[in-house]
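This is what each chain is made of:
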Amino acid sequence: MADGAVSLECPKELQRVPLVGNERKFPWITQTVSEIVEGRTPIWWWVFFLPLAALALVGLLCIGYQISNGVGVWGENHPNGWAWDITNFVFWIGIGHAGTLISAILFLTRQKWRTSINRASEAMTLFAVMCAAIFPGIHVGRVWMAWFLAPIPNANAIWPNFRSPLLWDVFAVSTYFTVSVLFWYTGLVPDLATLRDRAKSRVTQFIYGILALGWRGSNRHWRHYEMAYLILAGLSTPLVLSVHSIVSFDFATSIVPGWHTTIFPPYFVAGAIFGGFAMVLTILLPARIVYPKLDDLITRNHVDKMAKIILLTGSIVGYAYLMELFIAWYGVNPYERAAFWNRAFGWYGWTYFAMMFCNVISPQIFWSKRMRNNYVVVFIVCQFVNCGMWFERFVIIVTSLAQDFLPSSWGHYSPSWVEIWTFAGTFGIFLSLFLLFMRFLPMIAMSEVKIVVPEADPHHKPGAAH
Amino acid sequence: MAEYRKVYGLGAEFESTADLLHAAEKVRDSGFKRWDVHTPFPVHGMDAAMGLGKSWLSAPVLIGGTTGLITALCLTMIPSFGLYPVIVHGKPFDFFTSPAFMPIFFELTVLFSAFTAVFSIMVFNRLPMWYHPVFNWERFKRVTDDGFFLVIEARDPKFNEAKTREMLESFGGKHVTLIHD
Amino acid sequence: MKRIVNHPMEEAGGRKYWRSLGQLGDTPEYRGWLEREFPQGASELSGGEVSRRAFLRLMGASSALAGLSLAACRRPEKHLVAFTRGVEWSIPGKALFYATSMPTRKGHTPLIAQTHDGRPTKIEGNPLHAVSGGATGLFEQASILDLYDPDRAREFKHAGKVATAEAFEKAIDAIVGKAGDGAGLAFLLEDSASPTRERLRGLIASKFPKAMWAVYEPLGNTAAAEAAKAAFGAEVLVRPDFSKADVVLSLDCDFLGIDSQTDQARAYAKRRSVDGGNKMNRLYVVENRFTVTGGMADHRLRAQASQVGAVALQLAGEIARLTGDVALNSIVNAAPKTGTQFPADWIKECAADLAGKKGASLVLVGERQRPAVQALGYAINAALGNLGKTLSGAKPFNKPAATIVELAKALGDKAVKTLVIVGSNPAYNAPADIDFAAKAKNAETVVRLGDDEDETAPLATWHAPMAHYLEAWGDGRAADGSYLSVQPMILPLFGGWSEIDLLAKFAALPKPKGAELVQETFTKLSGTKDVATDWPKFLYYGFLTGSAAGAAPLTLNADAVAKLAAEKLSLPAPDAESFEVVLVSDASVDDGRYANNGWVQEFPDPVSKLTWDNAAWISPKSAKKLGLENGDVIEVSVSGAKIEIPVLIVPGSADNSLTIALGYGRTAAGRVGSVAATTERYVFGDDVLSGGFNAYPLATSAEPYIRIGAKVRSVGRSYLLAVTQEHGSLEGRGGDLVREGTLKQYTENPKFSEKFGMDAHIPENRSLYAHPPLNDIHQWGMTVDLNACTGCGVCMVACQAENNIPIVGKRQVIDGREMHWIRADRYFASGPNADGKYDQDMDEPEMVSQPMMCQHCENAPCETVCPVNATVHSEDGLNVMAYNRCIGTRYCANNCPFKVRRFNFFDYNERQLTELRKWNLISDRGMEDTLKMSKNPNVTVRMRGVMEKCTFCVQRVQEAKIATKANGRDSANVRIPADSFTSACAQVCPTGAIVFGDIANPESAVAKIRTGPRAYELLKYLNLSTRVLYLTRLRNPNPRMPGAETAAAYSQPKHHGPHGADAKKGGAH
């Protein structure tokens, strides 16, 4: 427009990178996201889904075998009462942090770029927490008695011990899962309505219609909806921080040298965000390959921002590692010192250095923008981080237990095939659930993305530069 | 039309959020009460344009949260100190040992608040409501894509089919349509 | 379970072993009892003087009731059949105790057997008898499991085919009929201290003068007897008296370990203590590998077992010089000079110390040393004037018998037509050079009475099951010569005969009746006029008072010793290449007879902590030289004989010396003990061999125990060894965990060890919380005196028997899942070297052992982490474990600083240990019925997935409380009398190291001890306030001895002394 020309324009280089590329409009967004769900199931989907589902099945069989024969089919022993089971639990629960973090904390801090990734990462959160919840469930010796953990008087009219960190876990994890589900579904409702309105067949229309609760985009609804969303975000923010803190209490409140550490809560939370973002990228980068159109929604800009967060949290974690060592040396307790010495140079020393490299060294590459924008590099680093975060939990749990107070009770641990396949199985469960999600639900929050499109702003002048 | 069907109201479609916003302001100023706008996403400033205040949904959430906290306090302390006190780790049975229960206090507070928040939306918005007259309007499907609609209900005292249609068109509304129940 | 009156029939394919009782069950009167629930039997009981046979028949019936109702199917329908009128004196749920005794090589051990409803379930020492004093050894504890061993011989067999007892009896009668003057009749028996057997031997000898009577014990005391005969000119048993010995020198004599006797161990420990004004004794040990005794030594000299003679000689010379004893001097001169020299100052100071205590010193030479060396030992004692003071003689139990060598020769010359083997297992354990098994085939008939169908069974024409000592009548002499009874607790489970039953047949006595035979002997021995009153008294006490043998005088026959020394003492100097092989008796399976006993198989060797196998112990140096790791299999060859066996590196062993325990490598011991691939043959599971390696092939009749000139080479294979303690070093934590000092430190300041380790730095406890009141009138506590504990580990098996602790099998032990509630931690420790590193010297370390069980912390870390309140504290200070509440998160075990909590990773009670990983639903479940009978009914049998741990024998605590309440009637005083009962471990401990009791009762021993100066808490800085306190261990080094200053250095604070010195209050609180 003519008047558009005279309007004060800031120079190109100072303009923000648009959150949605190529000045895409509403219909395009709706179309792009919805067609993923509406189109025919692509071959590649089956190619990935079937083997992953099979892997999940193997995992479930292992669990069945273990429940029927006893924990003995694992490699655990005295003194290593916990090993891969709790390692995997903490690993998955950690991954389950990115989603809610993105949807909650970034929402409160008005980070608009979150909109195009929050849906997928929330879904990922849910699936990760599901995988996590498996392990505390099956690691107990008598699974059929696990209901004793419920806050009700058990078969002997005894109440559970509310002082036990394990019980805190029960509360924290179940609350976290429930709230995440509510949050996720609330966000889904408008998009389900979209699918409902686009539905070709009666069946899909019916199903999505039911799920959409009759959403009709009324502004009187949006009003409460936005408030509720804000509140949920406000609740989830401390929640997401609390969950991993409480998980870290499992160790921090015990007296085992190497566990009994006050730095655990913050360092576990940082680690969780760290690993969570790595897993988000692990999933979204391939998604961008199979759905090239998403490039305009999940832009370099997003990847770049997430890489920065990985760099930040990775460095926090690295700081925590070093601080642990320092404190172990500084507080003269010989058992503490021995524990950390053994961690690095004891029986399982190699895992410690593997962890150090994956979590602290490898993310440092993200100081370079070129590397942050190189998807291959980012993907590889994310895989390092995923391994590293698993090793971190293994190092904390096993090295501390294997060599504690009485040298007479020291003992080695090595996993059995059952443990290994159970863990592999959870990856099968996680990924096949995610594939199902991609197939049947909008993996990008359309209604939210539309808000960040310039046209969404009533005071936006058509044609003016953004 | 073939047989008589109760009129729900008049719906108009608008080009952009801006047009809708201005139309809304005008409708508000012309004193309509029973009307609504429908958009694919929340439009910034629309509440003001419609003369709606801040949502007071936070009130029930506060109540819910408090309930949660109280529940947690009772759940942890009554059994541990009253119903069935057991000597655990040499800890006495008094309030000073309650820091051990903090995580539970917190989690239950959050849990209850979250549930009240979600259920409040349902209640306040009268959802789920799987049938609504506006769904009878063919164009209305685009409301979840890129359509911006304004609907004035026939129940509104100032409603007059001819006048209102005229008014909506004057505000820049397109495809003004009579919506039947 | 529904209760029915008429009893169910035994279903087809029911458990075989009930046969014997089934036979009984078929008899009409038995059926009669069943229908009418014992009225007849009961009336029989009610009638005045009770006949034990009747009682036992009823017992048999009762256990049969159990048996018949036990089905083999998955979900057995069980019927309750109650005693409407119980067996004699039995109150259901209450235990009955009977005095009896267990036959062992060294004489019988006086025992008390605990029976529940006629099932013996636990063995205790007879506290009234000096030899036991309430304690027992390992094998006595384990013998319960032998009784119920499902693999015992169950059938009378003729030529391998099942026959009946009647047929067997007829066959014996036939043999006796044909035997004539006994030419061609030969008996082979195990050593025994039974006067009745000796009496029957006399009868048989008079009936068959030409019959041969041979006795064989692979680990017997033939060498000792020979030495004694030479030294003192007559058959004499030499017994040391530690109570009088201030200085003890042990030359390869493990008198606290495998050669121990409870009374001697106790006497030694008494002299070891520093309480009650006792002057602590001093112990020198010369040995080739660490033994329990060596671990207790104040000064230990590593020497090859084959060189111990040389040490003795060098020492004898020194002592002869110091005492100017002519006889000893002559002996030393007579003896050929040995090439080797041992640290002169060590020998000199040791000799000086001994000579300084004339008449109050003691020199012991191991039973497995050559007679010449042992005789030399006696000579040294004579020179030190110890004869009659610290060494006394006693009349041997039996007249000398033929040896197995003579028997083998007779067999070789076809001079034996009928061979009667009782118990002994020569096919397995006879010396290799006499090739007994082959020669035995020359006998026309071989009659075998054996408890297993073992390696010898195939030789037998007739094989009869032998009754366990808890199943049969008998008698015997204790080590001190006193006369003991052996009472049956239950009818023979498999209808076995006892030794005396069989011998009575050969003595052509009427149908065997053990009771009558023993009674007759008793009447003779006691010379009683009134059997009717004295016999029950004898049975009641379990021994004949005042029947202990008086000390026989010992006078040294110097010339004989000199002669022996001149001929037999010569020893070639060891060369650097060849090894010596020392064959020792095993701490777990003895000579192999207990191989099928799971408890002892899983009992970790006190020194090596090896379970389920034996191995060749080797010194770190030698292993390095040969490039061997633990488990590497070597081939050991001595003059033609070869065996393959894995090595186990044991610090403190002499270089070029292999120590191999006998008794393993059984091929027909049963499911537990035989060499077999065991456990986890299922998905991805790997076979693990167990059963050990037979070392008997290396033994010859001439040199049964110590072979020299052995060649060793690695065969490049490796073998999995199940060691329960992976890590033997203290990591410099001695100051916190195992506190030890010298007698000097103690006398200077009894509280010297109060501030060892971290206790020197911890501040006063300022807890925010007041501990909730532990307000029961009883407060249970325990003390463990490390100064008295030898680490023998009997407590482990006593605990296992008392608390129904399952065995888990070798593979599970390898995985680190053994279930022992109490374990004996063993550390090889040495003080800080130049650069402050601890435990570097693994050639000459100190060995310390520490029993470790639940410490019952008042602030128990395990409790707060349990999410389901399954482990909480009781008002009387017990850390209690509620199995039915436990869901098995294992968090408590992780948070236990002592790692004493044990988790049931599998259903060890219900599953076959070889099939633990086979899918539960398709593998057969259920405990062997006999093993069910062995369980203590007062202790839950835990299922898989629950945590368990030491309970301070809470069942005994409750029994005592109930008893006190019952006795007190309405009186308000329900306080249990001080020390009126104790825990299983404390009760069995031979040295009284463990003391359990009520710390709230000032009268109780434990209350007194824990306030003593040496008491300390483990890991006090964790503010656990444990209920178990340990007492600092003391050594009494000879200040003039080389290395005396480094004694116990591993435990001392780096900056010496001051912490202890300025201590105000007691170590315990």
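Position numbers for residues start from 1 in each chain and track the written sequence from start to end. A letter from A marks each chain and a number from 1 marks each ligand, given out in the order of writing. With pLDDT at 70 or above as the cut-off, local features in this predicted model cover only qualifying residues; side-chain atom pairs require 80 or more to be listed or tallied, and sums for whole chains, interfaces and linings still use all residues. Excluding hydrogens and water, the side-chain values take into account all heavy atoms of the structure.

Trainee: Is there a simple way to think about the overall build of chain C in this case?
Mentor: The numbering of helices and of strands both runs from the N terminus, where a helix is a DSSP run of H or I of at least 4 residues and a strand a run of E of at least 2. Along its length, chain C carries 33 helices and 40 strands. Split into buried and exposed, the 1069 residues of chain C put 65% on the buried side. Any two residues whose heavy atoms approach within 4.5 Å at even a single point are treated as in contact. The long-range share in chain C, meaning contacts at least 24 apart out of those at least 6 apart in sequence, stands at 76%. Put simply, chain C shows about 37,700 Å² of open surface, and 56% of that area lies on carbon and sulfur atoms. With a 1.4 Å probe rolled over the protein chains alone, any residue whose accessible area is under 20% of its type maximum counts as buried; one over 50% counts as exposed, and the rest are partly exposed. Methods summary: accessible areas were calculated by the Shrake-Rupley approach with a probe of 1.4 Å, and residue burial reflects only the protein chains presented.

Trainee: What is the right way to look at helix α2 (residues 26–38) of chain A in this model?
Mentor: Quick reminder: α-helices carry 3.6 residues per turn. Residues three or four places apart thus point the same way. Every helix has an expected span of 1.5 Å times one less than the residues it contains. Counted at 1.5 Å a residue, the expected span for α2 of chain A with its 13 residues is 18 Å, and the 18 Å between its end C-alpha atoms agrees. Of all the residues in α2 of chain A, the buried ones are F26, W28, I29, T30, T32, V33, S34, I36 and V37 of chain A. Elements that come into contact with the buried residues of α2 of chain A comprise α7 (165–198), α8 (202–212), α16 (417–440) and α17 (446–452) of chain A together with β3 (148–153) of chain B.

Trainee: Can you help me understand helix α3 (residues 43–69) of chain A in this one?
Mentor: Residues and elements named next belong to chain A. Here α3 is 27 residues long and its end C-alpha atoms lie 40 Å apart, about the 39 Å a rise of 1.5 Å per residue gives. The secondary structure elements touched by the buried residues of α3 are α6 (115–139) and α16. G70, located one to two residues past α3, shows a positive phi value of around 115°.

Trainee: Hey, could you run me through the interface of chain A and chain C in this one?
Mentor: Where interface size is quoted, it is often the accessible area lost as the parts come together. Every contact between the two is made by 63 residues of chain A and, on the other side, 61 residues of chain C. For any pair of parts, buried area is found by adding up, for both, the accessible area (1.4 Å probe) each one loses once the two are put together. Buried area between chain A and chain C, summed over both chains or domains, comes out near 5,000 Å², and the portion from carbon and sulfur atoms is 55%. Three residues, H78, R142 and Y335 of chain A, lead the burial of chain A against chain C; their summed loss comes to 15% of the area buried on that side. Just to be clear on terms, a salt bridge is a Lys or Arg side-chain nitrogen sitting within 4 Å of an Asp or Glu carboxyl oxygen. Where chain A meets chain C, there are 3 salt bridges. As a salt-bridge pair, D404 of chain A and K899 of chain C come within 2.9 Å of each other at their nearest N and O atoms. Nitrogen and oxygen atoms within 3.5 Å of one another constitute a polar contact, given that in protein one can donate a hydrogen and the other can accept it, and given that sequence-neighbouring residues count only through two side-chain atoms. The tally of links between chain A and chain C comes to 48 residue pairs in polar contact (both at pLDDT 80 or more). At the level of secondary structure, the elements contributing two or more residues to the side of chain A that touches chain C comprise α3, α7, α9 (219–252) and α12 (334–345) of chain A. A total of 5 residues in the side of chain A that touches chain C trace back to one element, the largest contributor, which is α3 of chain A. Split into classes, the residues belonging to the side of chain A that touches chain C amount to 33 nonpolar, 24 polar and 6 charged. Gly is put with the polar residues, along with every residue not named as nonpolar or charged; the nonpolar set is Ala, Val, Leu, Ile, Met, Phe, Trp, Tyr, Cys and Pro, and the charged set is Asp, Glu, Lys and Arg.

Trainee: Mind showing me how you'd approach the sheet that holds strand β10 (residues 282–287) of chain C here?
Mentor: In any sheet, the strands associate via hydrogen bonds between backbone groups, in a parallel or an antiparallel arrangement. Residues and elements named next belong to chain C. Between any two strands, pairing holds if DSSP finds at least two bridges. Overall, parallel pairing links the 4 strands, which are arranged β11-β10-β9-β12 in an open sheet. Both edges of this open sheet fall to β11 (299–302) and β12 (361–365), since each of them pairs with a single strand only. Pairs of neighbouring strands in the sheet enclose a mean axial angle of 10°, with direction left out of account. Pairing geometry for strand β9 (residues 247–251) and β12, over 5 bridges, is parallel. By the bridge assignment, L251 is partnered in β12 with V365. The strands that helix α11 (residues 308–323) touches are β9, β10 and β11; relative to β9, the one it contacts most, it runs at about 145°. An axis is simply a line fitted to the C-alpha atoms; with a helix, the fit covers only the stretch in contact. Between two such axes, the angle follows the N-to-C directions and lies from 0 to 180 degrees.

Trainee: Quick question: what am I supposed to make of the state of the cysteines here?
Mentor: Working definition: the covalent bond between the sulfur atoms of two cysteines is a disulfide. Residues and elements named next belong to chain C. Cysteine sulfur atoms that come within 2.5 Å of each other are treated as a disulfide pair. With the rule as written, the count across this model stands at 0 disulfides over all chains. Unpaired in this structure, C862 has its nearest cysteine sulfur neighbour in C854, at a distance of 6.4 Å. With no disulfide of its own, C989 has C792 as its nearest cysteine by sulfur position, at a separation of 6.3 Å. You can call C989 buried: its relative accessible area is 15%.

Trainee: I would appreciate a short explanation of the interface of chain B and chain A in the present structure.
Mentor: Taken together, the contacts link 68 residues of chain B with 57 residues of chain A. Overall, the association of chain B and chain A removes approximately 5,600 Å² of surface from exposure, summing both partners, and the carbon and sulfur fraction of that is 69%. For the pair chain B and chain A, the number of links is 0 salt bridges. Counting across the chain B and chain A interface gives 26 residue pairs in polar contact (both at pLDDT 80 or more). Contributing elements (two or more residues each) for the side of chain B that touches chain A: α1 (17–29), β2 (35–38), α2 (46–50), α3 (58–83) and α4 (102–124) of chain B. The element contributing the most residues to the side of chain B that touches chain A is α4 of chain B, with 15 residues. In the side of chain B that touches chain A, the residues fall into 45 nonpolar, 14 polar and 9 charged.

Trainee: Could you clarify how one ought to interpret the packing of helix α12 (residues 326–334) of chain C against helix α21 (residues 558–568) of chain C in this entry?
Mentor: In helix packing, the relevant descriptors are the interaxial angle and the interaxial distance, both defined with respect to the helix axes. Residues and elements named next belong to chain C. Between α12 and α21, whose axes approach to 8 Å, the crossing angle comes to 20°. Looking at the two axes, α12 sits roughly parallel to α21. Where α12 crosses over α21, the two elements pack in a sense that is right-handed. Counting all contacts with α12, which are made through A327, I331 and A334, the residues of α21 involved are A558, V561, A562, A565 and A566. Note that the term roughly parallel is reserved for angles under 35 degrees, roughly antiparallel for angles over 145, roughly perpendicular for angles of 65 to 115, and oblique for everything else. In this scheme, a crossing is called left-handed if the near helix is turned counterclockwise away from the far one by less than a right angle; it is called right-handed if the turn is clockwise.

Trainee: I would appreciate a short explanation of the packing of helix α4 (residues 84–95) of chain A against helix α15 (residues 375–402) of chain A in the present structure.
Mentor: All names here are of chain A. Packing of α4 against α15 brings their axes to within 9 Å, and their N-to-C directions diverge by 135°. Taken as axis vectors, α4 and α15 run oblique relative to one another. In the crossing of α4 with α15, the sense of the turn from one axis to the other is right-handed. Along the contact surface, α4 presents W84, I86, T87, N88, V90, F91 and G94, while α15 presents N386, M389, W390, R393, F394 and I397. Looking at the contact of α4 with α15 residue by residue, the class counts come to 8 nonpolar, 4 polar and 1 charged.

Trainee: What exactly am I supposed to notice about the side chain of T422 of chain A here?
Mentor: Residues and elements named next belong to chain A. By the secondary structure assignment, T422 is in helix α16. Overall, the relative accessible area of 2% leaves T422 in the buried class. When residues no more than four places from it in sequence are discounted, the contact partners of T422 are G59, C62, I63, W74, F135 and I138.

Trainee: Quick question: what am I supposed to make of the nonpolar core here?
Mentor: What is meant by a nonpolar core is a set of buried Ala, Val, Leu, Ile, Met, Phe, Trp, Tyr and Cys residues, joined one to another through side-chain atoms within 4.5 Å. Counting residues in each nonpolar core, the largest one holds 314 residues, and the members touching the most others are W92 and F437 of chain A, L150 of chain B together with F898 of chain C. Excluding residues within four positions of it along the chain, F898 of chain C makes contact with L406 of chain A together with R823, M852, Q855, C857, L1018, L1019, L1024 and T1026 of chain C. By size, the runner-up hydrophobic cluster in this structure holds 71 residues, among which are Y268, M296, V311 and A1044 of chain C.

Trainee: When you look at the confidence of the model for chain C in this model, what are you seeing that I'm missing?
Mentor: Predicted coordinates in regions of low pLDDT should not be interpreted in detail. All names here are of chain C. As a per-residue measure, pLDDT tells how confident the predictor is, with possible values from 0 to 100. Looking at chain C, the pLDDT average stands at 85 and 89% of residues meet or exceed 70. For the stretch residues 1–76, pLDDT sits under 50, and the model shows 121 contacts to residues farther than four places along the chain or on other chains. Across residues 1056–1069 the pLDDT falls below 50, and counting only partners more than four positions away or on other chains, this stretch makes 25 contacts in the model. Across the predicted assembly, pTM comes out at 0.89 and ipTM at 0.91.

Trainee: What exactly am I supposed to notice about the pairing of strand β6 (residues 185–189) of chain C here?
Mentor: Residues and elements named next belong to chain C. Where burial is concerned, most of β6 is hidden: 5 out of the 5 residues are buried. Neither face of β6 is exposed, since L185, F187 and L189 on one face and A186 and L188 on the opposite face are all buried. For β6 and strand β7 (residues 212–215), the ladder comprises 4 bridges, and the chain directions are parallel. The partner of F187 across the bridge, within β7, is W213. Assignment of crossover handedness uses the view with strands pointing away from the viewer, where a clockwise path from the first strand over the helix to the second indicates a right-handed crossover. Following the chain from β6 across helix α7 (residues 195–207) to the adjacent parallel β7, one finds a crossover that is right-handed.

Trainee: Looking at this structure, how should I read the packing of aromatic side chains?
Mentor: Any pair of aromatic rings gets described here by the distance separating the centres and the angle formed by the planes. A pair of aromatic rings is counted whenever rings of Phe, Tyr or Trp (Trp by its six-membered ring) have centres within 6.5 Å, and the orientation is called stacked for planes under 30 degrees apart, edge-to-face for over 60 and tilted otherwise. One pass over the full model with this rule turns up 91 aromatic pairs over all chains. Consider the rings of F522 of chain C and W535 of chain C, whose centres lie 5.6 Å apart with planes at 65°: the pair is edge-to-face. One end of the pair, F522 of chain C, is in helix α19 (residues 514–526); the other, W535 of chain C, is in helix α20 (residues 531–541), with 13 residues separating them in the sequence. Members of the aromatic cluster, joined through ring pairs, are W84, F91, W92, Y348, W350, W390, F391, F394, Y413, F423, F427 and F430 of chain A. Placement of a charge over a ring requires the Lys NZ or Arg CZ to be within 6 Å of the ring centre, with the centre-to-atom vector within 35 degrees of the ring normal. Between R110 of chain A and the ring centre of F107 of chain A, over which it is positioned, the NZ or CZ distance is 5.5 Å. Lying over the aromatic face of Y428 of chain C, R666 of chain C brings its terminal NZ or CZ to 5.2 Å of the ring centre.

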